[in-house]
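Below, each chain spelled out in residue letters.
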Amino acid sequence: MFDRNVNQTPRMRGNRALTRIGFLLLSIFGIVCSASTSDILLKNLSIYDGSGKKAFHGDVRIHDDHITNVGKHLRAQPGDQVVDEHGLALAPGFTDMHSHADAGIFKDLNSENVIRQGVTTVLVGQDGVSEYPLADFLNKLDKQPAAMNFASMVGQSTIRMQVMGKDFLRPSTPDELAKMRDLLAKEMSAGSFGLSTGLEYESAHFSTTEEVVALSKIAAADGGFYISHVRDEGNGVFDSFREIIKIGADAHLPVEISHIKLATTPVWHMAATRMPAVFEDARRQGVDLKADVYPYTFWESTIRVIVLDHDYFNPAKVSKAIADNGGADHLRFIDYDPDPSIVGKTLQDAANMWHVTPVEAYMRIVKNGSEPGKDASVMGEAMSEDDLRWFIANPRIMFCSDGGLHDSHPRGAGSFPRVLGRYVREQKVLSMQEAIHKMTEMPAQQLGLRDHGLVAPGYVADLVVFDPATVADGSTVQNSEAPPAGIEDVMVSGVWVVDKGKVTGAHPGKVLRHPRTIQ
């Protein structure tokens, strides 16, 4: 057998060099000429096939970029590369339903922090911001592939700014909306899976619900769905959820809440009591409502987002916003160009350094960071663990990282192993097969990808080999890019991009376009 692994680990890994010599000798003598050398046979696996069923013991055969056979005791054929996995778990590659890996991808095609988690597909173009023109970006990715697959939404803010320029702090006019609709239709034709918004951010916050509905109808006509960083993730979060349901009902398309959370103290501990009614309301209106979540109780964004009406210099409103987000000691700075000395410190620390109140410190930071690219980035500890566990367990909620290629937040390198380690193995919030389904087949169905998300014949060979006993996130606030444990190997389109936890440098990723554009 060919065993890719060279160390004596729990997998009892064989000697790769001797094995390759053996295959070379076999080929010299013509013994392997009757079979394709591209066939890989993975043996002795605990297979989580992505469907939500319990794991079963079996083998998997791969030819080129597809799975050709799944079963027990599959026989090796001459020329097969046979890999004994010694009972480790196999799953379809994970799909990150909210990623920012599009930013800077051509400078980091290896995308280590993404693929080391077992993520083989990322959905980008999030929070209302997408690459423009989308066709140019996707065509460039075709020519310069990354390690993982890319799918993209079209960002409403991107469309908005193309039409309205910098004059976006207001509702659009009918003429502007008509231009946005035309531009969105063109962008959708590039292969987008739908429309994204970031209604909490300035570039979209003044959009009316009617504007979003009108644009969503364009996405719906092309078979797409709507995904949103909703208008308010804090005190008004349930109003925001009602808005996304209305958008789904009026535009007749599926909707998804991005990185769902209850992010201010007044709405903590309400997931179990109020969220069932939200999903029931959607069902009653005929709306397919889903969400995605990352497994952390702290977020990362600009400091402005805590004051939603943008009245940043109103002391009473700022004081309430700080309190609702857990207090000044729960807002930690990640980036701030005007004064890097506060990076790594809390708003309370900055106030103490400057001998002012936290409210005064906040207003100073917003004022001095008013130029584009100079806004302060913060990490806010503002969610409750019980709400997070409810979201993780819910069968209509998938998983995401909300991470970039190099992120200050540990979610960018640790989200998926953290779900499997902390919330499956340790806390038993959900079963392993349920978690795998929510990482694989469920997002593939959301995207309409009929040949992704399952370990089954005819499906693309995007696969993850992991150890359920050790899988865990390694990234922390202090070391946000530390690799996870227990993710042994990752395959994209039949090519290993992670081998023994090490990135191989292969770039077999594909651009995934909405099926309607390739029929």
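Overview of the structure. Computed from a predicted structure; not experimentally measured.

Quick word on the overall build of the protein
At step 1: From N to C terminus, the protein includes 16 helices and 21 strands.
At step 2: Its C-alpha radius of gyration of 24 Å places the protein within 12% of the 24 Å reference for a compact globule of 519 residues.
At step 3: Overall, the C-alpha framework of the protein stretches about 80 × 50 × 40 Å when taken along its three principal axes.
At step 4: Buried residues in the protein amount to 58% of all 519 residues.

Quick word on the pairing of strand S3 (residues 66–71)
At step 1: As defined by bridge partners, strand S2 (residues 56–63) adjoins S3 across five bridges and the pair is classed as antiparallel. Residue His63 lies in a different strand from S3, and its bridge partner there is His66.
At step 2: Taken together, S2 and the strand that follows it, S3, pair antiparallel across an intervening segment of two residues, in which Asp64 is found at a positive phi of about 55°.

Observations concerning the sheet that holds strand S16 (residues 377–381)
At step 1: The strand order across the open sheet built from three strands is S14-S16-S15, with neighbouring strands paired in antiparallel fashion. Here the strands that pair on one side only, and so sit at the sheet edges, are strand S14 (298–302) and strand S15 (331–335). Each strand axis lies, on average, 30° off the axis of its neighbour in the sheet, ignoring direction.

Quick word on helix H3 (residues 134–143)
At step 1: Of the residues making up H3, those classed as buried are Leu134, Phe137, Leu138 and Leu141. Each buried residue of H3 lies within a common arc of 90° when the element is viewed along its axis, so the set occupies one face. Exposed side of H3, more than 90 degrees from the buried face: Asp136 and Lys143 are the residues found there.

Here's the deal with the side chain of Glu300
At step 1: Tracing the sequence through the fold places Glu300 in strand S14.
At step 2: Despite being buried, Glu300 has no salt bridge partner; Arg411 is the closest side chain of opposite charge, sitting 4.4 Å away.
At step 3: Among the polar contacts listed, one links the side chain of Glu300 to the backbone nitrogen of His409, at a separation of 3.2 Å.
At step 4: Residue contacts for Glu300: discarding those within four places in its chain leaves Ile334, Val378, Met379, Asp407, Ser408, His409 and Arg411.

Concerning the pairing of strand S13 (residues 289–293)
At step 1: Most of S13 sits inside the fold, with five of its five residues counted as buried.
At step 2: Side chains of S13 alternate between two faces, with Leu289, Ala291 and Val293 and Lys290 and Asp292 buried alike.
At step 3: Across three bridges, strand S12 (residues 255–257) lies against S13 in parallel orientation. Pairing of Glu256 across the sheet is with Lys290, part of S13.
At step 4: Note on the crossover from S12 through helix H9 (residues 271–284) to S13: the handedness is right-handed.
At step 5: Examined bridge by bridge, S13 and strand S17 (residues 397–399) share three bridges and lie parallel to one another. Residue pairing for S17: Val293 is matched across the bridge by Phe399.

So, the side chain of Arg418
At step 1: Mapped onto the elements, Arg418 comes out in helix H14 (residues 411–426).
At step 2: For Arg418, the contacting residues outside a window of four places in its chain are Pro295, Tyr296, Tyr423 and Asp473.

Description of unusual backbone geometry
Negative phi values dominate among residues other than glycine, just as trans dominates among peptide bonds.
At step 1: A cis geometry characterises the amide bond from Tyr132 onward to Pro133, with omega recorded as -10°.
At step 2: You will see that Asn44, though not glycine, has its phi angle at about 65°, which is positive.
At step 3: By the element assignment, Asn44 lies in strand S1 (residues 40–47).
At step 4: We classify Asn44 as partly exposed; its relative accessible area is 25%.
At step 5: The phi torsion at Asp402 lies on the positive side, around 55°, for a residue other than glycine.
At step 6: Within the secondary structure layout, Asp402 lies in the loop between S17 and H14.

Notes on the sheet that holds strand S6 (residues 94–96)
At step 1: Strands sit in the order S6-S7-S8 across an open sheet of three strands; the sheet is parallel. Among the strands making up the open sheet, the edge pair consists of S6 and strand S8 (149–152). With strand direction ignored, the average angle separating the axes of adjacent strands in the sheet is 20°.
At step 2: Sheet analysis places S6 next to strand S7 (residues 119–124), joined by three bridges and oriented parallel. Paired with Thr95 across the strands is Thr121, a residue of S7.

A closer look at the environment of Met161
At step 1: Inspection of the secondary structure puts Met161 in helix H4 (residues 156–164).
At step 2: The class of Met161 is partly exposed, set by a relative accessible area of 34%.
At step 3: Along the sequence, Met161 and Asn113 sit 48 residues apart, while their C-alpha atoms lie 31 Å from each other.
At step 4: Residue contacts for Met161: discarding those within four places in its chain leaves Phe168 and Ser203.

The rules behind these values
- Residues numbered from 1 in each chain as written.
- Predicted model: local features only at pLDDT ≥ 70, side-chain atom pairs only at ≥ 80, totals over all residues.
- Heavy atoms only, no water.
- Helix = DSSP H or I, 4+ residues; strand = E, 2+ residues; numbered from the N terminus.
- Rg over C-alpha atoms; globule rule 2.2 N^0.38 Å.
- Buried < 20%, exposed > 50% of the residue type's maximum accessible area, 1.4 Å probe, protein only.
- Pairing = 2+ DSSP bridges.
- Axes fitted to C-alpha atoms, helices over the stretch in contact; angles between N-to-C directions.
- Arc of directions from axis to C-beta.
- Lys, Arg positive; Asp, Glu negative; His and termini not counted.
- Salt bridge = Lys/Arg side-chain N within 4 Å of Asp/Glu carboxyl O.
- Polar contact = N/O pair within 3.5 Å; in protein donor to acceptor, adjacent residues only side chain to side chain.
- Contact = heavy atoms within 4.5 Å.
- Right-handed = clockwise from strand over helix to strand, strands pointing away.

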